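Structural features, examined
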2 protein chains.
Amino acid sequence: MSLLAVGSVAFDAIETPFGKVERTLGGAASYFALAASHFTPVRIVAIVGDDFSAKERAIFRGRRIDLAGLEQVPGKSFFWSGRYNQNMNERLTLATELNVFAGFQPKLPESYVDSSFIFLGNIQPNLQLSVLKQVRRKPALIGLDTMNYWIERTPADLRETLKHIHVLVINDDETRQLTGEHNLTRAAHKIFKMGPRILVIKRGEHGALLVHSKFLFAVPAFPLEEVRDPTGAGDAFAGGFMGYLASAGRVNEKTLRCAMVYGSVLGSFTVERFGIERLLKLTRKEISARARRFSRLTSFQL
Amino acid sequence: MSLLAVGSVAFDAIETPFGKVERTLGGAASYFALAASHFTPVRIVAIVGDDFSAKERAIFRGRRIDLAGLEQVPGKSFFWSGRYNQNMNERLTLATELNVFAGFQPKLPESYVDSSFIFLGNIQPNLQLSVLKQVRRKPALIGLDTMNYWIERTPADLRETLKHIHVLVINDDETRQLTGEHNLTRAAHKIFKMGPRILVIKRGEHGALLVHSKFLFAVPAFPLEEVRDPTGAGDAFAGGFMGYLASAGRVNEKTLRCAMVYGSVLGSFTVERFGIERLLKLTRKEISARARRFSRLTSFQL
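Being a predicted model, the structure only gives us computed values, none of them experimental. (Residues numbered from 1 in each chain as written. Chains lettered and ligands numbered in written order. Predicted model: local features only at pLDDT ≥ 70, side-chain atom pairs only at ≥ 80, totals over all residues. Heavy atoms only, no water.)

**Considerations on the interface of chain B and chain A**
Opposite the 36 residues of chain B that make contact, chain A presents 36 residues. Across the interface of chain B and chain A, roughly 3300 Å² is buried in total on both sides, 54% from carbon and sulfur atoms. For the interface between chain B and chain A, the tally reads 6 salt bridges. Across the salt bridge formed by R203 of chain B and E205 of chain A, the nearest N and O atoms sit 3.8 Å from each other. Summed over the shared surface of chain B and chain A, the number is 19 residue pairs in polar contact (both at pLDDT 80 or more). Here the element with the most residues in the side of chain B that touches chain A is helix α11 (residues 284-298) of chain B; it accounts for 7 residues. A class-by-class count of the residues in the side of chain B that touches chain A yields 15 nonpolar, 11 polar and 10 charged. (Contact = heavy atoms within 4.5 Å. Buried area = accessible area lost by both parts, 1.4 Å probe. Salt bridge = Lys/Arg side-chain N within 4 Å of Asp/Glu carboxyl O. Polar contact = N/O pair within 3.5 Å; in protein donor to acceptor, adjacent residues only side chain to side chain. Helix = DSSP H or I, 4+ residues; strand = E, 2+ residues; numbered from the N terminus. Nonpolar A, V, L, I, M, F, W, Y, C, P; charged D, E, K, R; others polar.)

**Remarks on helix α9 (residues 253-270) of chain B**
All names here are of chain B. Taking 1.5 Å as the rise per residue, α9 with 18 residues should run 26 Å; its terminal C-alpha atoms sit 26 Å apart, in good agreement. With respect to burial, α9 is a largely interior element, 16 of its 18 residues being buried. For α9, the N-terminal cap is N252; the gap from its side-chain oxygen to the backbone nitrogen of K254 is 3.1 Å. (Expected span 1.5 Å × (residues − 1). Buried < 20%, exposed > 50% of the residue type's maximum accessible area, 1.4 Å probe, protein only.)

**Quick word on the relation of the copies chain B and chain A**
For the match of chain B to chain A, the screw axis carries a shift of 0.0 Å, the RMSD comes to 0.0 Å, and the turn is 180°. On this basis, the relationship between the two copies can be described by a two-fold rotation axis. (Least-squares fit on C-alpha atoms with pLDDT ≥ 70 in both.)

**Let's talk about the sheet that holds strand β7 (residues 91-97) of chain B**
All names here are of chain B. Taken in spatial order, the 4 strands make up an open sheet running β3-β2-β6-β7, and their pairing is mixed. A single partner strand is all that each edge strand has here, and the edge strands are β3 (19-26) and β7. Ignoring which end each strand starts from, the neighbouring axes of this sheet average 15° apart. Both strand β2 (residues 10-16) and strand β6 (residues 78-84) contribute to a ladder of 6 bridges, which runs parallel. Looking across to β6, one finds that F11 is bridged to F79. (Pairing = 2+ DSSP bridges. Axes fitted to C-alpha atoms, helices over the stretch in contact; angles between N-to-C directions.)

**Considerations on the environment of K281 of chain B**
Residues and elements named next belong to chain B. Within the element layout of this structure, K281 appears in helix α10 (residues 277-281). The class of K281 is exposed, set by a relative accessible area of 58%. With 210 residues separating them in the primary sequence, K281 and E71 have C-alpha atoms 26 Å apart.

**Here we look at the pattern of salt bridges**
All names here are of chain A. Using the criterion set out here, one finds 34 salt bridges over all chains in the structure. A salt bridge links R83 to E15; the nearest nitrogen and oxygen atoms lie 3.6 Å apart. Within this pair, whereas R83 is found in strand β6 (residues 78-84), its partner E15 is found in strand β2 (residues 10-16), the two being separated by 68 residues in sequence. Given a relative accessible area of 37%, R83 falls into the partly exposed group.

**Topic: the pairing of β3 of chain B**
Residues and elements named next belong to chain B. Two elements, β2 and β3, share 6 bridges in a ladder whose sense is antiparallel. Bridge pairing links E15 to K20 in β3. Adjacent in sequence and paired antiparallel, β2 and β3 are bridged by 2 residues.

**Notes on the sheet that holds strand β4 (residues 42-48) of chain B**
Paired through their backbone hydrogen bonds, the strands of a sheet run either parallel or antiparallel. Residue and element names in this part refer to chain B. One open sheet accounts for 9 strands, arranged β5-β4-β1-β8-β9-β10-β11-β12-β13; its pairing is mixed. The strands lining the two open edges of the sheet, one partner per strand, are β5 (65-72) and β13 (216-219). Here the strands of the sheet are splayed against their neighbours by 15° on average, with no regard to which way each runs. Sheet topology note: the β4/β5 ladder contains 6 bridges and is parallel. Note on β5: the bridge partner recorded for I47 is E71. Packed onto the sheet, helix α3 (residues 125-134) meets β1 (3-6), β8 (117-120) and β9 (141-144) and runs at close to 160° relative to β8.

Below, the structure written as structure tokens:
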């Protein structure tokens, strides 16, 4: 089934100990969509400036990503610049220029209103909710990402939006901040009372945890010899997770467990190369092979 | 098969947000032995002062732990005191009084020299090596723990001792410090060149990773609702790991994977109560049930 992704499409400047790029296609929705596109057709709702060219369009089209909802307006696209330290565990943001993204009002084209899998990327909670109001059919699964900024600045709006979603996909710090609870299991119970019935906690190099009222599932990060650029890993994880579920068409314990693994697979590939590079060259065969390696990494027989 | 444990037996004063104890049986070898005793007969080599009473002896004997190698000398036993912060992720050491432990020279009684599974707890590397010299039969498996103090202060001695052991059981910081390599997979390859053929990396609330030249195995930490006292979790992990292997009597990929799970099971129980409390009340049935919960926590079907 097709998957709708709402969020940022941007240009990034990235510097890591392994290299430097001055301007590359980035943004959470780009990573999400490119990752998810390996599983299912993806539709993007985002805004870009007139610096977004045929070259970037071709990247998305090359992955059969629907750009009917990509609004292009005069001005510059969202620009982000960051630098990682030697160990890749700290990131210094050098620039965040919202540009046309500051005026983003998500608009669903007619061809999107039947979307049954929806992922609301990290934008203002009111705008996330406005997307749901434009959908005409009851979606099978609505996922949402958010960040410390919205948790601090717009708590009431975020609480309202959370009432309408199924899966919250955030990191451990955000989980703790949103709930005021350090223990992640107890934090999950607080989040269930806010609306979502599934919490997916992204823990970077420590893997990811899914908490459902009926079961828990934990997946470690894949032990990689080389991490070249962590940018977009969390968004690629979410893309693999939602993309797999949309392709399965069913959300149950079995598919949720697999979705966590495919999310981890996509995240692990992403960090092996700069920016979106690895996501573009990835094959279905490589994805399956790494999913099997995750199985060998974690399986045991009592 | 029987397991020999060398290390510290101490008295601890512990304070966490959940409570406070002024004086409780502690020390790495105590946690290790009590955890391992749920799987296999354990023999301790340690030193205590004359404050070590019939009460503490009874605790070990209650778990059928062999104390023939527990040397008692005039003076006070090793004393450690620490306090944890609200989130249990930081520990402040308030006191470390080595007392009789400062003069520890491990001596194996005649009844121990045939030990086939040996764990060299975190003591001076020369003393660890001296234990191996007293063993008469070639051991099936020798494990070793160490810490930043020995990595910094006695690097040459540690390198020499590492040549003679099979499994190094340390945490991620120690792995990085010992190898000068941040990436844990690459760090493991450096450690293999030092002697050990298996590296077990303890990552606390993030689980544990086993690296073998032929395979990798990762186990997440068990998501607990209540962590009352993290003291001894890493030692109980090592005890569960080595204890299970000694009980299996074989060291191969299958038993190593299970050993990681049983190590995690013992570590997870330990932190649920203060000090060694939970380790004393634990039943084989509870251990098996939690191992099955680990299986449900991590299993998926592609």
